[in-house]
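For reference, the chains in residue letters:
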Amino acid sequence: MKPVLLIAINFVREQRWPIFVLLLWVLLLAVLGLAANIPRDREDLLFVFKQVSIYVVAFSIFFGGSAIYSERKSRRILAVLSKGVSRQQYLSGLVLGVTIACGIYCFALGLTGSWTLGEAGFPMLQVWFLMACLVAACMLAGTVALMFSTFLNPFFAAGATALVLGLPALAGQTVAPRWADAIPVYSLVAIVLRSSYRFPGRAVWFPILLALVEMLIFWALSAQIFWRVDIAVAVE
Amino acid sequence: MVAALEFVAVSKIYRGFGARQLQALNDFSLRVEPGEIFGFLGPNGAGKSTAIHLAMGFMRPTSGYGRMLGTPFGNARTRRRVGFLAENVALYHRRAERLVRFYGALSGMGGPSLSKRSREVLELVGLESQSNRNVGKFSRGMLQRTGCAQALVNDPELLILDEPTSALDPLARVAVRELLLHSRAQGKTIFLSSHLLSEVELICDRVAVINRGQVVRLGRTADLLHCADRIKISARHISAQSFEESSEENGVVTFSVPAGSERATLERVWNLGGEIVSVNPLRRSLEDIFVEATSAPVSMDQGMVQ
Ligand SMILES: Nc1ncnc2c1ncn2[C@@H]1O[C@H](COP(=O)(O)OP(=O)(O)OP(=O)(O)O)[C@@H](O)[C@H]1O
Ligand SMILES: [Mg+2]
């Protein structure tokens, strides 16, 4: 467990600049909250809140899809895996790292959101539920991206991830709504996007649980693939 | 006895796009005994780093298998007892001491003993005064020293070093040499890939020369260097032209003759009015052996198979 934690913290440390940039969006929301006349501009605030929420999911795909690649490209992965670290532990560390990175963001967003939206009349607890949805969506999206990145470069990994996450959403729109839950990243994001002051939504935990279970499945799949990968072979 | 490192009929083919393939190791077998310093030599592209990466579990052999400290390659628990230094050292940009602690912790160490050990190994590689500087600002040699410290932090039973001194200054080279000899005295095994033949000659108990992915020479260093079938004779007051392939320095003519013919040669020297300075079995340098073992013409794309 210790190597997993170390790798996760190290990942967050290495990604501190992207995380910092991401946090600037939260800062933007906070500034808006300070500057705005909250009762009057409350719809705008909610709109910005939703926008800023979606970025973190995109970033989780970026984090997951580029982690192994950049470590291999810089060859730093060799010194790490020359220690008593198995490949599963390494992957777990990266998943945990992506989760912590997105968790930091969601926590900051949750704080700012519950203050600004809370003041505008949005139930505070519901803000935190939406953050839980986001974290779960990030964990799943990041793990899917990580799985593809074990054998694809970040560009293709991101594309493949978008496809895997987007197809159920498309099927949900065209075939039957239940399909959207097959890989529930879209449905989790949709919970955030659909919320409004009049209908803030309820705390439905099923998609979150499903996302966590699927995350484990994708993690196991990536471990199976990564186990076979020649990591010392140069990447372009 | 369990071998420290063992390759059994290992082959490795790198696959590129389409049908392009490159055979880096071909039916490669080697056994490194515990407690020895083993020199691993070979020309550029011979397959040394490939073999090392297979042993560390960074890659899987195309065929064949191998063991490290008794377990198959790629076992994470076994790697806790191993130290590794890659040929291109790449480390995170952190302060040296924290970095070394990080790698120690990855090997399951912790607490005050890890802090103590980190300072100790940085001192061993001569970086104690730099331990609070960021590794990202280090020179290449300093980075390689940090790499050494990182490899040593878990007090490994088996050290696998891929050209550990390529960027080091002469003083640091001597220090590393002493470090390796000291480690051997403690019963550690060292697998050392290097192009510095003089260094290998000085410290390695055994060496293997590989070429095109196969072992072409293997043996105890002393035996390889010792050439029992020729005798080296030095004499004064004779002309260098009197003996074939002789060299002259400060009036001393040196040449070698097949063993068994030294008596006749000595008499000939005396008959010519010469005076014998020394008679010794011929010792070759590792360089001679290296050149001889790898002299078959090698083109850079030698391993290409379609
Ligand atoms: N990732 C790779 N993809 C394709 N071929 C590779 C790869 N890595 C190494 N090779 C090839 O395998 C052969 C052996 O390479 P290796 O790095 O093992 O040599 P080496 O003995 O360590 O050489 P050097 O002394 O230069 O470090 C070379 O022909 C090299 O071109
Ligand atoms: Mg090499």
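Residues numbered from 1 in each chain as written. Chains lettered and ligands numbered in written order. Predicted model: local features only at pLDDT ≥ 70, side-chain atom pairs only at ≥ 80, totals over all residues. Heavy atoms only, no water.

*Asks:* Can you walk me through the interface of chain B and chain A in this structure?
*Replies:* By a widely used convention, the size of an interface equals the accessible area lost when the partners come together. With 31 residues of chain B in contact, the opposing surface of chain A contributes 28 residues. Both faces combined, the contact of chain B with chain A buries some 2,500 Å², and carbon together with sulfur accounts for 56% of it. Together, Phe58(B), Tyr92(B) and Leu106(B) form the three largest contributors to the area buried by chain B at its contact with chain A, with a combined 29%. Connecting chain B to chain A are one salt bridge. With its nearest N and O atoms 2.5 Å apart, the salt bridge here joins Lys12(B) to Asp230(A). Elements with a minimum of two residues in the side of chain B that touches chain A: β1 (5-15), α2 (76-79), β6 (82-85), α3 (96-106) and α5 (140-152) of chain B. Among the elements that make up the side of chain B that touches chain A, the one with the highest residue count is α3(B) (four residues). (Contact = heavy atoms within 4.5 Å. Buried area = accessible area lost by both parts, 1.4 Å probe. Salt bridge = Lys/Arg side-chain N within 4 Å of Asp/Glu carboxyl O. Helix = DSSP H or I, 4+ residues; strand = E, 2+ residues; numbered from the N terminus.)

*Asks:* Looking at this model, I keep getting lost on the domain arrangement of chain B. Mind explaining?
*Replies:* Residue and element names in this part refer to chain B. Split into domains, chain B comes out as domain 1 (5-223) and domain 2 (224-283). Between the C-alpha centres of domain 1 and domain 2 the distance comes to 42 Å. Each side of the interface is counted separately: domain 1 has eight residues, and domain 2 has four residues. Here domain 1 meets domain 2 over a buried area of about 470 Å², counting both sides, of which 58% is carbon and sulfur. (Domains from an automatic or database assignment.)

*Asks:* Explanation requested: the packing of aromatic side chains in the structure shown.
*Replies:* The geometry of two aromatic rings is summed up by the distance between their centres and the angle between their planes. Taken as a whole, this structure holds 20 aromatic pairs over all chains when the rule is applied. With a centroid separation of 5.6 Å and 50° between ring planes, the pair formed by Phe62(A) and Phe63(A) is classed as tilted. Given a relative accessible area of 42%, Phe62(A) falls into the partly exposed group. Relative accessible area serves as the criterion here: at 0%, Phe63(A) is assigned to the buried category. Ring geometry for Phe243(B) against Phe255(B): centres 4.2 Å apart, planes inclined by 5°, an arrangement best described as stacked. In this pair, Phe243(B) sits in the loop between β11 (226-236) and β12 (247-249) while Phe255(B) sits in strand β13 (residues 252-258), placing the two residues 12 residues apart along the sequence. (Phe/Tyr/Trp six-rings, centres within 6.5 Å; stacked < 30°, edge-to-face > 60°. Buried < 20%, exposed > 50% of the residue type's maximum accessible area, 1.4 Å probe, protein only.)

*Asks:* How should the site of ligand 1 be read in this particular structure?
*Replies:* Lining the immediate environment of ligand 1, one finds 16 residues, of which Gly45(B), Lys48(B), Ser49(B), Thr50(B) and His195(B) sit closest. Per-site note: the chains with residues close to ligand 1 are chains A and B. Note that an oxygen atom of ligand 1 is positioned 2.7 Å from one of the side-chain N or O atoms of Ser49(B). Taking Glu163(B), its side chain carries an N or O atom lying 3.4 Å from an oxygen atom of ligand 1. When ligand 1 is considered free in solution it has 630 Å² of accessible area, and contact with the protein chains removes 71% of it. Taken together, the elements giving at least two residues each to the shell around ligand 1 come down to β2 (21-32) and α1 (48-55) of chain B. Sort the elements by how many residues they give to the shell around ligand 1 and α1(B) lands first, with three residues. (Near = heavy atom within 4 Å. Polar contact = N/O pair within 3.5 Å; in protein donor to acceptor, adjacent residues only side chain to side chain. Areas by Shrake-Rupley, 256 points an atom, 1.4 Å probe, with all protein chains shown as cover.)

*Asks:* Where do I start with a nonpolar patch on the surface in this structure?
*Replies:* Residue and element names in this part refer to chain A. Taken together, Trp17, Phe20, Val21, Leu24, Leu27 and Val31 make up a surface patch of nonpolar side chains, about 610 Å² in accessible area. Counting through the fold element by element, Leu24 comes out in helix α2 (residues 16-35). Leu24 sits in the partly exposed class, given a relative accessible area of 42%. (Patch = residues over 30% accessible without salt bridge, like charges linked within 9 Å, V, L, I, M, F, W, Y side chains within 5 Å.)

*Asks:* Hey, could you run me through the packing of α2(A) against helix α3 (residues 42-73) of chain A in this one?
*Replies:* In a packed pair of helices, the relevant descriptors are the angle between the two axes and the axis-to-axis distance. Residue and element names in this part refer to chain A. At a closest axis distance of 10 Å, the pairing of α2 and α3 adopts a crossing angle of 175°. Looking at the two axes, α2 sits roughly antiparallel to α3. Residues Pro18, Ile19, Leu22, Trp25, Val26, Leu29, Leu32 and Gly33 of α2 lie in contact with α3, whose contacting residues are Leu45, Val48, Phe49, Val52, Tyr55, Val56, Phe59, Phe62 and Phe63. Taken together, the residues of the contact of α2 with α3 sort by class into 16 nonpolar, one polar and no charged. (Axes fitted to C-alpha atoms, helices over the stretch in contact; angles between N-to-C directions. Parallel < 35°, antiparallel > 145°, perpendicular 65-115°, else oblique. Nonpolar A, V, L, I, M, F, W, Y, C, P; charged D, E, K, R; others polar.)

*Asks:* Explain the coordination of the magnesium ion (ligand 2) to me, please; I cannot follow it from the model alone.
*Replies:* The textbook angles at a metal center are 109.5 degrees for a tetrahedron of four donors and 90 or 180 degrees for an octahedron of six. Residues and elements named next belong to chain B. At 2.0 to 2.6 Å from the magnesium ion (ligand 2) lie its protein donor atoms, namely Ser49 (OG) and Glu87 (OE). Placement of Ser49 in helix α1 and of Glu87 in the loop between β6 and α3 is noted, with a sequence separation of 38 residues between them. Ser49 gets classed as buried once you look at its relative accessible area, which sits at 16%. Glu87 gets classed as partly exposed once you look at its relative accessible area, which sits at 30%. (Donors = N, O, S within 2.8 Å, 3.2 Å for Na, K, Ca; no water.)

*Asks:* Just checking my understanding: could you explain α2(A) for this structure?
*Replies:* For an α-helix, the turn length of 3.6 residues means that residues three or four places apart are oriented alike. Residues and elements named next belong to chain A. Between the first and last C-alpha of α2 there are 28 Å, a value that for 20 residues agrees with the 28 Å anticipated at 1.5 Å per step. For α2, the complete set of buried residues consists of Ile19, Leu22, Val26, Leu29, Ala30 and Gly33. For α2, the angular spread of the buried residues around the axis is 105°, confining them to a single face. Residues of α2 that are exposed and angled more than 90 degrees away from the buried face: Trp17, Leu27, Leu34 and Ala35. As for α2, its buried residues are in contact with α1 (2-14), α3 and α5 (87-120). (Expected span 1.5 Å × (residues − 1). Arc of directions from axis to C-beta.)

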